Amino acid sequence: MKYKHFDDIKPNHRMDFIMVYFAASRSLRELEAAIRRTNNDRLTCRQAWLLRRIQYKLTQMAALWKKYVE
């Protein structure tokens, strides 16, 4: 999967950070559920670590956003 570079992303004034945060969290939960379904309801340590890391980065982004909004 190819991702866009941060500098190539254009501003979108129709989006709200809160909406994006919750959508990303939902997608992360769905991804975890799909992985668990394929692995007999288990995650490997590496998979769990990667999912936690993504969630932590989302939390960091939310904290940074709140710092500038408030």
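This write-up is about the structure you can find in this document. What you see is a predicted model, and the numbers here were worked out from it, not measured in a lab.

Cut-offs and rules
- Residues numbered from 1 in each chain as written.
- Predicted model: local features only at pLDDT ≥ 70, side-chain atom pairs only at ≥ 80, totals over all residues.
- Heavy atoms only, no water.
- Helix = DSSP H or I, 4+ residues; strand = E, 2+ residues; numbered from the N terminus.
- Buried < 20%, exposed > 50% of the residue type's maximum accessible area, 1.4 Å probe, protein only.
- Polar contact = N/O pair within 3.5 Å; in protein donor to acceptor, adjacent residues only side chain to side chain.
- Phe/Tyr/Trp six-rings, centres within 6.5 Å; stacked < 30°, edge-to-face > 60°.
- Core = buried A, V, L, I, M, F, W, Y, C linked by side-chain atoms within 4.5 Å.
- Contact = heavy atoms within 4.5 Å.

**Observations concerning the environment of K57**
Residue position: K57 is located in helix α2 (residues 45-69). For K57, a relative accessible area of 42% gives the class partly exposed. In this structure the C-alpha to C-alpha distance between K57 and D7, which are 50 residues apart in sequence, comes to 19 Å. Within polar-contact distance, the side chain of K57 engages the side chain of Q60 at 3.1 Å.

**Section: the packing of aromatic side chains**
Given two aromatic rings, one states the distance between the centres and the angle between the planes to describe the pair. Counted according to the given criterion, the structure contains 2 aromatic pairs. Arranged with centres 5.2 Å apart and planes meeting at 20°, the rings of F17 and W65 form a pair that is stacked. Separated by 48 residues along the polypeptide, F17 in helix α1 (residues 17-38) and W65 in helix α2 bring together distant segments of the chain. With a relative accessible area of 29%, W65 lands in the partly exposed category. Residues Y21 and F22 carry aromatic rings whose centres are separated by 5.3 Å and whose planes lie at 70° to one another, so their mutual orientation is edge-to-face.

**What to know about the nonpolar core**
In terms of nonpolar packing, the biggest core is built from 6 residues, these being Y21, L28, I35, L51, L58 and A62. Breaking this core down by element, the ones donating at least two residues are α1 and α2. Sequence-distant contacts of L28, that is, excluding residues within four places in its chain, are made with L51, I54, Q55 and L58.

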